Each structure stands twice: as structure tokens, then as C-alpha cells.
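Reading the structure
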Amino acid sequence: MATNTELPLADLRVVEMGQLLAGPFCGQLLGDFGAEVIKIEDPRAGDPMRQWGREKPHGMSLWWPIVARNKKSITINLRSPDGQELVRRLLAEADVLLENFRPGTLERWGLPPETLWKINPRLVITRVSGYGQTGPYAGRAGFGSIGEAMGGIRHVTGDPDRPPARSGISLGDSLAAVFAALGTLVALHDRRRTGRGQVVDTAIYEAVLAMMESLLPEWVIAGYRRERTGAVLPNISPSNVYPTGDGESVLIAANQDSVFRRLTDVMGRAELADDERFRAHDARGRNMTLIDGIIAEWSVTLPADELLERLSAHGVPAGRIYTAEDMLTDPHFLAREAIVRMAAPGLGDVPMQNVAPRLSHSPGAVRHPGPALGEHNDEVFGKLLGLTADRAAELRATGVI
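The notes below deal with the structure included here. Since we're looking at a predicted model, the values are computed, not measured.

Residue Pro 238 follows Ser 237 across a cis peptide bond; omega there is -5°. Within the secondary structure, Pro 238 is located in the loop between helix H9 (215–220) and strand S7 (239–243). In this structure, the amide linkage connecting Ala 356 to the following residue, Pro 357, adopts the cis form with an omega of 0°. For Pro 357, the location among the structural elements is in the loop between strand S11 (348–353) and helix H16 (377–384).

Right under this line is the structure:
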């Protein structure tokens, strides 16, 4: 495992403000590659993510050790003048400010970009919000779920005879975080040329919109509106979930012409590849239901393991639909160390996803799980900002830190 000094972003200091998911997940991504991420939390309760999650053994969040991993935690009351002064001092020595408050919040606290750039002109200010920093909706409260709806993904998710569904994860927040991390790295790269920082304005709905493929020209040029299609994509066939002889389900994706021919070979139905109804991609799309039925009649005659072995031997993409239990025992996950375990106080060893993507010469690393609230106050306030013990005690007594 790489040490912090070997990590590719180890020369960057990120000050993370905000809470919940979109901003903190961006901080997690930067921290995974070595950035020193100093997370500012409210002294009274900290980030609500400390309490979020479906399951909370011992009253502790299982999400927090992941989203706050590789970070330092300090506490500052951002609504107090003394707290705001601490932030200004901290940002004078930082490379990135990461926040996901409602637009205008930094400005109300006397921390607008123009002021911060007078202190540190090289500061990159990454701002994540529901609707972006400008436009008529900018001031609205915006959660990830609303961004998913506005960005288009909710309308096309689910079964056609039911209302729009959602995925089982916080997709909008996570997409915004990934784009925020990308924008931050682009701005840092640009800073090498200009010597100046800039604002990275990431809107959740725009991050979702960016993933919507050809949805817009399909409507404007072809007059086609994408709708919910359940487990399949229109005109992409065969690519579906099929039953097996032992009651499992296997996803088979053989929609490319050459791959479909390989599938018909393993099925012992080579004639299907030359059938006018299935020979070409468009024809299979028109006859999706028919070809899915033929494949299902064959797949259900084989147990899942044998089915997957045959498909793999013929170069046909296929696989099980994994649960957490499957991931923890799968030999490929194990060989690539896709899951790591970190000791977290009160929880023991916590399994979590490893760093992605993988770099061949300077990979990221999970170094420690999410910290305790204010765990790094002494280090940051004392060693970095030079506060005396008396001054720190005074600020602690007045609820500033």
C-alpha cells in the first residue's frame, strides 16, 4: 500500500466544508489519491453523515467510515465571526475549498470567492449545489433526488406501467461529486498555466444530464421521447436477465452481431444468426421479445455455473447480478483487492470499496476510516494555524471550535 508521500495528490491541501454526500464524496475521491482533506464540521453534532445509513450497529453509521476516509476532522462554527476568521486563515494555505451549501451561503459568511482570492489567488473553489451558482433556480434547496428528476434519469428508470423509480443509491449526489472532482483537477491543471484559481460550479442536475446519452437529439430531431423500459433498453437485444435451471438469474449481453452469432453457437442454434428476424442489430431490436423468449427457454435448462462457463468459453459477456455477499467471496474481487478492510473504532474491521480508478505507477490508497469529530483540532489549530493553547481553549469555551 502506498504511503501518503507517494500518493499523486499528496502535495494538495483541500478544505472541505458542507455536509451529507455530494461535497464529501468529492472530498473522499481527492483524499483517496493523497490530498490532505481537512473537513470542517459543526462543533455541536458534526456532519449528519455520521448518523446516516439504513443499518447502525452500536448506534454508529456504516457509511461514515467510507465517505470520510482519509480525511482530518476539525470543528468550527462557521456562523461566528471568529470561526470565519479561522477559515480565512486556513484557506490562505490551501489549494482547494470544497463546499456544497446553498448558493449565497459563503457570501453571507463573508467568504465570497473575491475575498478569498485576495487572501490566496491560487485557491480553487469547488462549489456543488442542486442547480448551480447562477440561474433562476440557484437559490432553491436542491437534493440529489431532485437533481435526478430534473436531469432526466428518473423519468427513464423503472417499469413502463409504474411511476418513475429510483436506484438504490444516491446517484445524483454521487455523479455530482465525480464531476466536481474532475472539475477540481482540471482547475488545478489550469492553475499551472495561469497561476490563478477559479470557481468549479457543479450542479447536480447537470451532472445527471451529462449522463443522458442522446436523449435530447432523439426528441428534437427524431421526435422520440425515451420512456421507462424496465430491465431492457429499446432496440438493444439480446441484453437481458435470463432464468437458470437452479433458480438463479444471469445477465447475458450479446447485442453486437458477432457476439450474437457466438451466443447462437453455444445455444446450438446457429441458424438463428442467419434468420432475417435476428441477423442484424436493428432486426433483433424489433424482435426483442421473441429472441428473449428463445434464449430463456435455453438458459433455464442449465444451472447458473454451467451456463456461465459455456458463455465465457464462447466469448459471450454474461454474469450474475451480485449482492454484497457475492462480492465478498468472488475470486476476481479478491484477486484485485477491490474491497479493503479498515479498523474503525467501535465497529471493528469495516469492509469498503477500494480506490478507483487504478493507476499503474501512483495508485491511491485507503489509509484510515472516517475520523472522530474534531479528532484533528489540535494538529490543525495548533501546528498549522499556530493558535496558542489559551486561545484554543477560549474558542472552545465560546463554541467556536
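Right, let's get into the environment of Pro 303. Within the fold, Pro 303 resides in the loop between helix H12 (288–299) and helix H13 (304–313). Between the C-alpha atom of Pro 303 and that of Phe 381, which follows or precedes it by 78 residues, the distance is 61 Å. When near neighbours in sequence (up to four residues on either side) are disregarded, Pro 303 contacts Thr 244, Gly 245 and Asp 246.

In the contact formed by helix H10 (residues 257–267) and H12, the axes pass within 11 Å of each other and the chain directions differ by 40°. Handedness of the H10/H12 crossing: left-handed. Here Phe 260, Leu 263, Val 266 and Met 267 of H10 come into contact with H12, specifically with Ile 291, Ile 294, Ile 295 and Trp 298. For the contact of H10 with H12, the residue count by class is eight nonpolar, no polar and no charged.

Here we come to the side chain of Glu 16. With respect to the helices and strands, the residue Glu 16 is situated in strand S1 (residues 13–16). We classify Glu 16 as buried; its relative accessible area is 0%. Engagement of the side chain of Glu 16 in a polar contact is seen with the side chain of Lys 39, the distance being 2.6 Å. Only 2.7 Å separates the side chain of Glu 16 from the side chain of Lys 71, close enough to count as a polar contact. The residues touching Glu 16, leaving out its near neighbours within four places in the chain, are Gly 23, Pro 24, Gly 27, Val 37, Ile 38, Lys 39, Ile 40, Lys 71 and Leu 98.

Between its first and last C-alpha atoms helix H7 (residues 171–194) spans 34 Å; for 24 residues at 1.5 Å apiece the expected length is 34 Å, and the two agree. Following H7 by one or two positions, Gly 195 has its phi on the positive side, about 80°.

Scoring rules and cut-offs
- Residues numbered from 1 in each chain as written.
- Predicted model: local features only at pLDDT ≥ 70, side-chain atom pairs only at ≥ 80, totals over all residues.
- Heavy atoms only, no water.
- Helix = DSSP H or I, 4+ residues; strand = E, 2+ residues; numbered from the N terminus.
- Contact = heavy atoms within 4.5 Å.
- Axes fitted to C-alpha atoms, helices over the stretch in contact; angles between N-to-C directions.
- Left-handed = near helix turned anticlockwise from the far one by under 90°.
- Nonpolar A, V, L, I, M, F, W, Y, C, P; charged D, E, K, R; others polar.
- Buried < 20%, exposed > 50% of the residue type's maximum accessible area, 1.4 Å probe, protein only.
- Polar contact = N/O pair within 3.5 Å; in protein donor to acceptor, adjacent residues only side chain to side chain.
- Expected span 1.5 Å × (residues − 1).

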